[in-house]
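Observations on the model geometry
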Amino acid sequence: MRVLRFTPCSKLALALLMLVASFLMVPKPAYAVCCAWETWTDYFADAEKTQYCGTCYRDCYGFQWCEGQTGPYSTFHRDCCYQCEM
């Protein structure tokens, strides 16, 4: 049977590994994340986005409203409605 012997270098490596592992296992504090989004998409007929076609909007509760027409080019925007704890 072979007995494991630790050299000073391996002891240091093991100590550093345990130190890093202890930092990774510390519980993370709660943080706020966005739970609902308000979004809108503007549609355009050209790549330069100068010829406006229409808009679709979705509010914080999921209601969607559109006006005009969709087009091949679009821009997408979103804002956080409210934050919740995770």
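Residues numbered from 1 in each chain as written. Predicted model: local features only at pLDDT ≥ 70, side-chain atom pairs only at ≥ 80, totals over all residues. Heavy atoms only, no water.

Details of the overall build of the protein
What the protein contains, in helices and strands, is one helix and four strands. Counting helices and strands in the order they occur from the N terminus, the protein gives α-β-β-β-β. Taken over 86 residues, the protein has a buried fraction of 14%. Taking the contacts inside the protein whose residues are at least 6 apart along the sequence as the reference set, 56% of them involve residues at least 24 apart. With the model as given, the accessible surface of the protein reaches about 7400 Å², and the carbon-plus-sulfur share is 63%. (Helix = DSSP H or I, 4+ residues; strand = E, 2+ residues; numbered from the N terminus. Buried < 20%, exposed > 50% of the residue type's maximum accessible area, 1.4 Å probe, protein only. Contact = heavy atoms within 4.5 Å. Areas by Shrake-Rupley, 256 points an atom, 1.4 Å probe, with all protein chains shown as cover.)

Examining the state of the cysteines
Under the definition given, this model contains three disulfides. Between the sulfur atoms of Cys56 and its disulfide mate Cys66 the distance is 2.1 Å. Judged by the sign of its S-S torsion, about 115°, the cystine formed by Cys56 and Cys66 is right-handed. You can see Cys56 sitting in strand β2 (residues 52–58) and its partner Cys66 sitting in strand β3 (residues 64–68), a full ten residues away along the chain. (Disulfide = S-S within 2.5 Å.)

Some details on the packing of aromatic side chains
The full count for this structure, using the stated rule, is one aromatic pair. Both rings, one in Phe44 and one in Tyr52, keep their centres 6.1 Å apart while their planes meet at 75°; by these two values the pair is edge-to-face. Its end group placed over the ring of Trp37, Arg78 keeps NZ or CZ at 3.7 Å from the ring centre. (Phe/Tyr/Trp six-rings, centres within 6.5 Å; stacked < 30°, edge-to-face > 60°. Lys NZ or Arg CZ within 6 Å of the ring centre and 35° of its normal.)

A closer look at the pairing of β2
Here β2 runs beside β3; their pairing, made up of five bridges, is antiparallel. Looking at the pairing, Cys56 lines up with Cys66 of β3. Adjacent in sequence and paired antiparallel, β2 and β3 are bridged by five residues, among which Gly62 carries a positive phi angle near 95°. (Pairing = 2+ DSSP bridges.)

Describing the side chain of Asp42
Mapped onto the elements, Asp42 comes out in strand β1 (residues 32–44). At 9.4 Å, Lys49 is the nearest oppositely charged side chain to Asp42, a buried residue that forms no salt bridge. Within polar-contact distance, the side chain of Asp42 engages the side chain of Thr55 at 2.8 Å. Once you skip the residues sitting within four places of it in the chain, Asp42 turns out to touch Tyr52, Gly54, Thr55, Tyr73, Ser74, Thr75 and His77. (Lys, Arg positive; Asp, Glu negative; His and termini not counted. Salt bridge = Lys/Arg side-chain N within 4 Å of Asp/Glu carboxyl O. Polar contact = N/O pair within 3.5 Å; in protein donor to acceptor, adjacent residues only side chain to side chain.)

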